[in-house]
Structure formats: C-alpha cells, structure tokens
Amino acid sequence: MIYMDYQATTPCDPRVLKEMLPYFCEIYGNPHSSTHAMGEEAATAIEKARKQVANIIGTVDTKEIIFTSGATEANNLAIQGIAKFYKERGNRIITSEIEHPCVKETCRALAREGFDVVFVPVSDNGIIDLDFLSKSLTDKTILASIMTVNNEIGTIQPIDEIGKLCREHGVIFHTDAAQAIGKIPVNTENVDLMSISGHKIYGPKGIGALYIKGKSRLRLAPLFHGGKQERGMRSGTLPTPLCVGLGIACEIAQKEMKEEFERLLKFKNYFLKKIFDNLPKVYLNGDKEKRIPGCINLSFDGVEGEGIMLGMNDICVSSGSACSSQTLEPSYVLQAISIREDLAHSSLRIGFGRFTTMEEVDYVASKIIEVVNRLRSMSPIWEGQ
Ligand SMILES: *Cc1c(COP(=O)(O)O)cnc(C)c1O
C-alpha cells in the first residue's frame, strides 16, 4: 500500500511512540495528583510537552496552551467558548466558506441559537476575500475564525493580515492551524486563539491543543464541567501519554520543517510536471503559489475521481466527489472555489508527507496517468476531445 492521504491523518512517528510508551504502564499516576511522586512525574512530563507545543507556535508562555482531545474540540472550545462568554458584546461571528466541518458546523449550530454568522467567500484561487471580510467586521462582531491552511486544497490564508484587520476592529481572531503546524512557520503575533491537532503532525490521535493568548485576557465558557483542569477551561484528567506524544511530535516537526518543506516541494514539482506533461485537461485546484507543497488537489476532465481511485487500489488518496463524502453534493470547498461541477466530481487529493519517497511519487504519477488515459479512452463523453 502506498499512503498518500497525509491530510486525513499521518502515521505516528516511531520516535513519538517511543517517548509515549513509559507513560502507559510505568508512569501512570494522575498528573493532577500532587500528593505523590508518580503524579508529579506525570505532571512534569506534561509541562515539558506544553513547552514543546508552545515552542512550535513561537510562544514562551506555557499557560497559553490548553490540551484538548484534538482540533475538533479545540475549535469547538474556541468558537463556542468565546461566543457564549462574550454574547453581551454582540452576536456576529465571521468564518469562511472553506473551513473544516468542525468549524463550519459549530458556527451553523450557533446560527441556530441566534448568532449572526457570516460565511466569507473565497476567490477562485481559494484565498479569502479580504474586502468582504473587512466589510463584515461590525461593532457587533465578537469573533472571526479563519483557517491557516485548508485541508482539501492546501491553500494558505493571509493570517497576519486577517489578524490585524480583526484587531483594528476589536474582534477576537481564531485560526484552525491543524494543517499548518510543522509545515509552514506559524506564530501567534496576530492571533488570539489557535487550534492544533496531534495526528496531523505524526503524533497520536485523540490529542490536540488550543492556544489562548494571555495578553488578550480572554475568557471562554467551557464545553464541559468537572474538576477544572486546564485552568478551568477543559475539565478532565489529561492523557499523559498523548500529551507527551503531541509534545515530541511538535519538537520533531519544528526541527525538521525547513528540510521537509524543500523535500516535499521537490516531490510536488516533479509530480505535477509529470502529470501535466502526460495528460491534457488536468487542473490544479487552489492558488498556484500560496499553498503547502504536500497537498495536491487535481481535477481530471472527463473522469470521475472515484473511478480513478478504483483503478489504483494499492494507493490511498482521497477524492472530492460525491460517493466518498457520502452525500450527493461534491466537496463544498471545491464548490466555494467555483470550479465546474463535473470537475469537482473529477478531483483527487494527493498528500505527500514525512514517509513519502521519490519512488512512490513517481509510481503514483505513472499510475494516475495510466488509469486516467484508460478511463478517458472508454468514455463516450471524452470522445472527440
Ligand atoms: C483534521 C483537521 C481537523 C480535526 O482535527 P482532529 O484532531 O481530528 O479533531 C480540524 N481542522 C483541520 C483543518 C483538519 O485538517
């Protein structure tokens, strides 16, 4: 099997697993039990992990990091937590049309509760319409939530510009950075809240973090009630092995980011050249420049994405077409960038990551070319093109 679905999840790096293992059966004390050494030891490991998480987003204040079960929970906590705590200030929440479902659906749920939610459109290159965003920032606006990197098309949003716009208008700014961490430099200068996920950066599944800027003195309504761990914002016993895993995953990703970026960029350029040289009418979805190299979303005119995937069952990729998403609608992200509906159904997302090799990149490109040519040659629609 060749794995090229690194946006869906990543394998846990063996170096990460190794650090986690002692915290299952040996150092298993409750990190919130300060009455004995076993608890203290777990707490120390968690504080080290908190520092590693803080480091990768360029902050030194570990109090700004709250562990959660993943980016889904971090996004829910940020958006619901701010909306509910600051509802006296106003009722407008701004987000974009291409957010991950855990942001989009959270905002939709708030809209059903009476919040005035604005979904900012993106241009055809998948970058947020800053003009629209700017005009949407009213004095009734509490929060804006815009993702740093999109998980389907890999486009990078101008987070600093958006953050500055929000600050000018006194609007709290949250970004879902699950797809950005460890891939591009990320910092919190112009961000009030930021979500992170462990399993997108070669850490374990079931852990993530929310950065909450100390200087902004933000308060959040918690999602659930309990022992008031994580400064009262996220009750529940912290999963020591998972926290340790997220920490070391951040440290490794930070250390290797620059080299990894260059490596993946080479893969991307090679892959796209090979595809474009050998197949007509293939389109790269999303901006040509403002994107991460490890996420390639292509539309193959005249064939269904599902069909291509069926033709290469030794390769894990994902498609934006109807069947895979279990609805009749093609991907809402591809709809938001206004590509033709048939091209949305003919899309494939190919993800490169830490364990991808040049041989695999070459093989997958050849296989796609072969399958697309075969499908096109059998297609009555394609005939005559
Ligand atoms: C994967 C992902 C999430 C969800 O993260 P979990 O840790 O699986 O909850 C949120 N946002 C983006 C952009 C993602 O890619």
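The structure contained in this document is the topic of the report that follows. As the structure is a prediction and not an experimental result, all values here were calculated from the model. The residue numbers shown here count from 1 along each chain, following its written sequence. In view of the model being predicted, local features appear only for residues whose pLDDT reaches at least 70, and side-chain atom pairs are presented and counted only at 80 or more, with totals across whole chains, interfaces and linings using the full set of residues. With hydrogens and water excluded, all non-hydrogen atoms of the structure serve as input to the side-chain values.

### What about the overall build of the protein?
Secondary structure is summarised from DSSP: a helix means a run of H or I of at least four residues, a strand means a run of E of at least two, and numbering begins at the N terminus for each. Scanning the protein from N- to C-terminus turns up 13 helices and 12 strands. C-alpha atoms define the radius of gyration, and 2.2 Å times the number of residues to the power 0.38 defines the globule rule. The globule rule puts the C-alpha radius of gyration for 385 residues at 21 Å, and the 22 Å found for the protein is close to it. Buried, partly exposed and exposed residues are distinguished by accessible area as a fraction of the type maximum, computed with a 1.4 Å probe on protein chains only: under 20%, between the cut-offs, and over 50%, respectively. Across the 385 residues that make up the protein, the buried fraction comes to 57%. Across the protein, the mean location of the 44 positive side-chain charges is 4 Å away from that of the 48 negative side-chain charges. Under the convention used here, Asp and Glu are negative, Lys and Arg are positive, and both His and the chain ends fall outside the count. The atom standing in for a charge is NZ when the residue is Lys, CZ when it is Arg, CG when it is Asp and CD when it is Glu.

### Observations concerning the packing of aromatic side chains
Within 6.5 Å between ring centres, the rings of Phe, Tyr and Trp (the latter by its six-membered ring) count as paired, and their orientation is classed by plane angle as stacked under 30 degrees, edge-to-face over 60, tilted in between. Under the criterion given, the structure shown has 6 aromatic pairs. Seen in terms of ring centroids, Y3 and Y6 are 5.2 Å apart; in terms of plane orientation they differ by 70°. Their pairing is edge-to-face. Given a relative accessible area of 26%, Y3 falls into the partly exposed group. Judged by relative accessible area, which is 5%, Y6 ranks as buried. An angle of 80° between the planes, with centres 5.9 Å apart, marks the rings of Y202 and F355 as edge-to-face. In this pair, Y202 is assigned in the loop between strand 7 (193-197) and strand 8 (208-212) and F355 in the loop between strand 12 (347-351) and helix 13 (358-378), connecting sequence segments 153 residues apart. Overall, the relative accessible area of 10% leaves Y202 in the buried class. Clustering of aromatic rings is evident, with ring pairs tying together Y3, Y6, Y202 and F355.

### What about the sheet that holds strand 8?
In this scheme, strands are said to pair when DSSP sees at least two bridges between them. Read from one edge to the other, the open sheet built from 7 strands follows the order 2-8-7-6-5-3-4, with strand pairing classed as mixed. Unpaired on one side and paired on the other, strand 2 (65-68) and strand 4 (116-120) mark the two borders of the sheet. Mean inter-strand twist for the sheet, computed between neighbouring axes without regard to direction, equals 20°. Here, residues are in contact when the closest pair of their heavy atoms is within 4.5 Å. To define axes, lines are fitted to C-alpha atoms, for helices over the stretch in contact only, and angles between the resulting N-to-C directions are given on a 0 to 180 degree scale. Taken strand by strand, helix 4 (residues 71-85) contacts strand 2, strand 3 (92-96), strand 5 (141-145), strand 6 (172-176), strand 7 and strand 8, and its axis lies near 160° from that of strand 7.

### Some thoughts on the nonpolar core
We call a set of buried Ala, Val, Leu, Ile, Met, Phe, Trp, Tyr and Cys residues a nonpolar core when their side-chain atoms join them within 4.5 Å. Formed by 59 residues in total, the largest nonpolar core has its most connected members in V53, I57, F67, F173, I181, M194 and L246. At 8 residues, helix 8 (residues 240-278) tops the list of elements feeding residues into this core. Not counting chain neighbours up to four residues away, the residues in contact with V53 comprise I65, F67, I196, A209, L246, G247 and C250. Grouped together as the second largest cluster of nonpolar side chains are 30 residues, L279, V303, A365 and V371 included.

### Side note on helix 13
Taking 1.5 Å per residue, 21 residues should reach 30 Å; helix 13 reaches 31 Å between its end C-alpha atoms and fits that length. Of the positions making up helix 13, those classed as buried are E360, V361, V364, A365, K367, I368, I369, V371, V372, L375 and R376. Each helix should span, by expectation, one fewer than its residue count multiplied by 1.5 Å.

### Some thoughts on the packing of helix 4 against helix 5 (residues 101-112)
Packed helix pairs are characterised by how far apart their axes lie and by the angle those axes make with each other. Axis separation between helix 4 and helix 5 bottoms out at 9 Å; the angle between their running directions is 30°. With respect to helix 5, the axis of helix 4 lies roughly parallel. Handedness of the helix 4/helix 5 crossing: right-handed. Across the interface between the two elements, A71, T72, N75, N76, I79, Q80, A83 and K84 of helix 4 pack against C102, V103, T106, C107 and L110 of helix 5. Three categories are distinguished: nonpolar for Ala, Val, Leu, Ile, Met, Phe, Trp, Tyr, Cys and Pro, charged for Asp, Glu, Lys and Arg, and polar for the others, with Gly belonging to the last. By residue class, the composition of the contact of helix 4 with helix 5 is 7 nonpolar, 5 polar and 1 charged. Relative orientations are named as follows: roughly parallel for angles under 35 degrees, roughly antiparallel for angles over 145 degrees, roughly perpendicular for angles from 65 to 115 degrees, and oblique for any other angle. What makes a crossing left-handed is the near helix being turned counterclockwise from the far one by less than a right angle; a clockwise turn instead makes it right-handed.

### Regarding unusual backbone geometry
In this structure, R231 takes a positive phi of about 55° despite not being glycine. Position of R231 among the secondary structure elements: in the loop between strand 8 and helix 8. According to the relative accessible area criterion, R231 is exposed, its value standing at 54%. We note that K281 has phi near 55°; this positive angle belongs to a residue other than glycine. Its place among the elements puts K281 in the loop between helix 8 and strand 9 (282-284). Classification of K281 by relative accessible area gives partly exposed; the value is 38%.

### Things to note about the pairing of strand 7
With 5 of its 5 residues buried, strand 7 lies for the most part within the structure. Judged by which residues are buried, strand 7 turns out to be covered on both faces: L193, S195 and S197 on one side and M194 and I196 on the other are all buried. Of the strand pairs in this sheet, strand 6 and strand 7 are connected by 3 bridges, and their pairing is parallel. Residue pairing for strand 7: T175 is matched across the bridge by M194. In this sheet, strand 8 lies alongside strand 7 in antiparallel orientation, the contact comprising 5 bridges. Residue S197 lies in a different strand from strand 8, and its bridge partner there is G208.

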